[in-house]
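Geometric and topological summary
Chain by chain, the residues:
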Amino acid sequence: MIYFDTFAFYTLFCSAVLIYGVGINKIADFQNGAKQNITFFTKIVLSIFITTIISWGVISTVLVPLKLIELYPVVSLLIFVCINVFLEVIVRITTGRETSEFVVSYMIVIIALSESSTLINTILICISCFLSFILLCPFVTTFKNKLKSNGQRISETYYSFFFFFLAILILIISVFDVSWLNSGVIQ
C-alpha cells in the first residue's frame with residue numbers, strides 16, 4: 001500500500017511537471033509525431049532507469065560509507081552524461097534522429113535519488129515522475145488544438161494561456177490539500 005501511495009503522490013498530487021516545473025518547456029513544445037515521440041520517450045526512460053540504478057548503487061556503496069553523500073548530484077551527473085551520450089549515439093546511428101534532451105531526465109533522476117530511501121522506492125519515483133510528464137501530454141495537445149481551432153497562432157499568447165492553463169491544473173490537483181478540509185480543524 002505504501003508503494004501505491006508513493007506512486008499516486010508523485011504521479012498526480014506532487015507532479016514533477018506541475019509542482020517542480022520539470023519539463024514545462026518540453027511539454028509546451030510537444031509535437032504529435034508518434035514515431036519521433038516514441039524514440040524520444042524510449043531514450044528518456046532508458047537513461048532515467050539506467051542512471052538511477054547505477055547512481056543508487058554508487059551512492060549506497062561508495063558515498064555513504066565515505067560520508068560524502070553531498071556529492072551525489074555530481075556523481076549522478078557524471079553517470080547520467082555518460083549514459084545519455086551513449087544512448088544518443090545509438091539513436092542517431094540507428095534512426096538518424098536527434099533526441100538530445102538533458103534537463104527533464106536529469107531532474108527526474110535527482111528528484112528520485114533525493115526523495116527516496118530504497119532502490120525500489122527510487123525506481124517507483126522515477127516511474128511516477130515520468131508518468132506525470134506523459135499524463136500531461138494529452139492535456140497540452142488538446143489545449144494546443146483548441147487554440148488552433150479558434151484561429152490563434154502558436155506565439156507568445158499561447159505560452160501565456162499555457163501557463164494560465166497549468167496554474168488551473170495545479171489548483172485542481174492541490175485543492176484537496178488544504179488544512180480546512182482536514183477533520184479536527186473545525187471543532
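So, here is what we can say about the structure in this document.

Parameters and conventions
- Residues numbered from 1 in each chain as written.
- Predicted model: local features only at pLDDT ≥ 70, side-chain atom pairs only at ≥ 80, totals over all residues.
- Heavy atoms only, no water.
- Axes fitted to C-alpha atoms, helices over the stretch in contact; angles between N-to-C directions.
- Helix = DSSP H or I, 4+ residues; strand = E, 2+ residues; numbered from the N terminus.
- Parallel < 35°, antiparallel > 145°, perpendicular 65-115°, else oblique.
- Left-handed = near helix turned anticlockwise from the far one by under 90°.
- Contact = heavy atoms within 4.5 Å.
- Nonpolar A, V, L, I, M, F, W, Y, C, P; charged D, E, K, R; others polar.
- Expected span 1.5 Å × (residues − 1).
- Buried < 20%, exposed > 50% of the residue type's maximum accessible area, 1.4 Å probe, protein only.
- Phe/Tyr/Trp six-rings, centres within 6.5 Å; stacked < 30°, edge-to-face > 60°.
- Core = buried A, V, L, I, M, F, W, Y, C linked by side-chain atoms within 4.5 Å.
- Patch = residues over 30% accessible without salt bridge, like charges linked within 9 Å, V, L, I, M, F, W, Y side chains within 5 Å.
- Areas by Shrake-Rupley, 256 points an atom, 1.4 Å probe, with all protein chains shown as cover.
- Salt bridge = Lys/Arg side-chain N within 4 Å of Asp/Glu carboxyl O.

**Quick word on the packing of helix α5 (residues 103-114) against helix α6 (residues 119-149)**
Interaxial distance between α5 and α6 falls to 8 Å at its minimum, and their mutual angle equals 140°. It follows that α5 is oblique to α6 by the angle criterion. α6 is crossed by α5, and the crossing has right-handed handedness. Residues Val104, Ile108, Ile111, Ala112 and Leu113 of α5 lie in contact with α6, whose contacting residues are Thr122, Ile125, Cys126, Cys129, Phe130 and Phe133. For the contact of α5 with α6, a count of residues per class yields 10 nonpolar, 1 polar and no charged.

**As for helix α4 (residues 72-95)**
With 24 residues, α4 ought to run about 34 Å at 1.5 Å a step, and its terminal C-alpha atoms sit 33 Å apart, in line with that. Of all the residues in α4, the buried ones are Tyr72, Val75, Ser76, Ile79, Phe80, Ile83, Asn84, Leu87, Glu88 and Val91. Just downstream of α4, Gly96 is the residue with a positive phi angle, here 80°.

**As for the packing of aromatic side chains**
Applying the stated criterion to the full structure yields 7 aromatic pairs. A ring pair is formed by Phe9 and Tyr10, whose centres lie 5.0 Å apart and whose planes are at 85°; its orientation type is edge-to-face. When its relative accessible area of 38% is taken as the criterion, Phe9 is described as partly exposed. In this structure Tyr10 comes out as buried when scored by relative accessible area, which is 8%. By way of ring pairs, the aromatic residues Phe41, Phe130 and Phe133 are connected into one cluster.

**Focus on the nonpolar core**
Counting 43 residues, the largest nonpolar core has Ile27, Phe41, Ile48, Cys129, Leu136, Phe162 and Leu166 as its most contacted members. Counting residues per element, this core draws most heavily on α6, which supplies 10 residues.

**What about a nonpolar patch on the surface?**
Residues Leu77, Val81, Val85, Val89, Ile93, Phe102, Val103 and Met107 make up a contiguous nonpolar surface patch of roughly 660 Å² in combined accessible area. With 5 residues, α4 is the single largest residue contributor to the nonpolar patch. Among the secondary structure elements, Phe102 is positioned in the loop between α4 and α5. A residue is classified by how much of its surface remains accessible, and Phe102, at 37% relative accessible area, is partly exposed.

**Let's talk about the side chain of Asn121**
When you line up the elements, Asn121 lands in helix α6. Beyond its immediate chain neighbours, meaning those up to four positions away, Asn121 contacts Thr6 and Ser116.

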